[in-house]
Amino acid sequence: MFLFIGSAKLLPKIQQDLSLLTLLPKRHMSLLTQLHGMWITGTHLGLRRNLGKSIVCIFIVICLLISRPINWNCSFESRKNHPPTVATEAMITPKAAEVITGIFKDRWRTLMSVDDVIADVIQTCKDIGVDDNTYYFYSSDHGFQLGEFNILMDKRHVYEWDIKIHLLARGPGIKPGSTFSEPATQVDMAPTFLGLAGVSQPEQMDGKSLVPIIVQDPSKAPETTLEHLKTLGDADQYRANWRTSVFIEYYFNAPNVKCVNDRCANGTYPKADSECVKLDVTPNQECWCPGPVGGEHCYPTETTSNNFIAIRTMEGDKLSNMLYAEYQNGSQARMDIDFTDIAYYEYFNLTADPWEMNNLHGSVDTSEIKQRLHMYYNCAGSECP
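It should be emphasised that the depicted structure is a prediction, and the values quoted were computed from it without experimental measurement.

Another point: the sheet that holds strand β13 (residues 322-328). Here four strands make up an open sheet; going across it, the order is β6-β12-β13-β14 and the pairing antiparallel. Pairing within the sheet leaves two strands with one partner each, and these edge strands are β6 (245-250) and β14 (344-349). Here the strands of the sheet are splayed against their neighbours by 10° on average, with no regard to which way each runs. Its contacts with the sheet put helix α10 (residues 367-378) on β6, β12 (307-313), β13 and β14, and the angle it makes with β12 is roughly 115°.

Quick look at the structure:
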């Protein structure tokens, strides 16, 4: 049996290592990865105010570690070589900054409830006697942003804090505390789940099984998992042949404008969900709200320029630690976005420029990485790396 426990947004913004198993920061204690808000059973968790002393102490430390990287509320001049969504964002006002800080703290608080859910799931599996035959996976579908490139909050972009996600796994044959550096994405999860269950991957299915990478002690694995491992051959050779880059693809959805101004209504939490961060008073204060494109003190999440395909190469790749992206204008709802009419390019050296401020496109040769990008874009199923 395997269980997948998902969180909407968990992004270790301090840690820049792209390993996708047990992502823990190196510069701070393991607890203080900058985890962002969770969603369980489709409903946003209410904030738990009955905090114990130890939790209060944790949040005191967290307040000191709120990230304000170089691209947080950065100038128009510094963003001029980025695509229009980023280049045209307004500066973050003091009031908007307060909202961002409040959201950052409140998203941490939701993790307490998530922790309870995970503990209950594992304990239930133990109680019914299936824990030793169960694989647990904890991951997400995207990262998150809180003020980077002046976008108030949300995801949808090609940058590290939006595309970088966590994957933690537990189960028979997975060594506690082990990690891996091979780049993987959520496309690899379905083949992995099938493999653990001993089911063959359909030829047309994208992705590769992570089982030989994460199950490092096969002697403890179930028979179904062992059969899958046998079909993949030598585990060391399988890992040596693993990809060194990943493909990223996104299509414009909606502007999703977030405003922080006097038109935003105060909330009524705990009676109802609230788009406010000061929740200990009623009505709630320090709020945000949807608004029009171009509204005063409003920040669109994206524009119709935000259709992109991209390739992220890793350390160990011949092109090293890079991100290359191509953008096409338009809306997939009205036209076919096929990336044959490229309007904007981005190319970042993430070793030298981890916050993706300096777009190198136009000053470096991108022919090789462009070719690889379009190979990814046009491949399908087992023919993809």
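Our next topic: the environment of S320. Among the secondary structure elements, S320 is positioned in the loop between β12 and β13. C-alpha separation for the pair S320 and S245, spaced 75 residues apart in sequence, amounts to 9.4 Å. Those residues within four positions of S320 in sequence are excluded, and the remaining contacts are T313, M314 and E315.

It is worth spelling out helix α8 (residues 223-231) at this point. Within the span of α8, buried status applies to T225, H228 and L229. For α8, the arc enclosing every buried residue in end-on projection is 100°, short of the 170-degree limit, so these residues lie on one face. Across from the buried face of α8, at angles greater than 90 degrees, the exposed residues are K230 and T231. Looking at the buried positions of α8, the neighbouring elements they touch are β4 (135-139), α6 (189-196) and α7 (211-214). Among the residues trailing α8, G233 stands out with phi positive, at a value near 80°.

Pairing between the strands of a sheet comes from backbone hydrogen bonds, and it takes one of two forms, parallel or antiparallel. Across the sheet, three strands lie side by side as β10-β7-β11; this open sheet has antiparallel pairing. The sheet terminates laterally at β10 (289-290) and β11 (298-299), the two strands that pair on one side only. In the sheet, strand β7 (residues 258-259) pairs with β10 via two bridges, with the strands oriented antiparallel. Residue pairing across strands places K258 opposite P290, the latter belonging to β10.

A covalent bond bridging the sulfur atoms of two cysteines is what the word disulfide describes. Under the criterion given, the structure shown has four disulfides. The disulfide that involves C259 links it to C298, with 2.0 Å between the sulfurs. Its torsion about the S-S bond being 110°, the disulfide of C259 and C298 is classed as right-handed. Taken as a pair, C259 in strand β7 and C298 in strand β11 lie far apart in primary sequence, 39 residues in all. Accessibility classification places C259 together with C298 in one group, the buried group. Sequence-ordered numbering of the bonded cysteines in the protein chain gives a pairing of 1-6, 2-5, 3-4, 7-8.

About the cut-offs
- Residues numbered from 1 in each chain as written.
- Predicted model: local features only at pLDDT ≥ 70, side-chain atom pairs only at ≥ 80, totals over all residues.
- Heavy atoms only, no water.
- Pairing = 2+ DSSP bridges.
- Helix = DSSP H or I, 4+ residues; strand = E, 2+ residues; numbered from the N terminus.
- Axes fitted to C-alpha atoms, helices over the stretch in contact; angles between N-to-C directions.
- Contact = heavy atoms within 4.5 Å.
- Buried < 20%, exposed > 50% of the residue type's maximum accessible area, 1.4 Å probe, protein only.
- Arc of directions from axis to C-beta.
- Disulfide = S-S within 2.5 Å.

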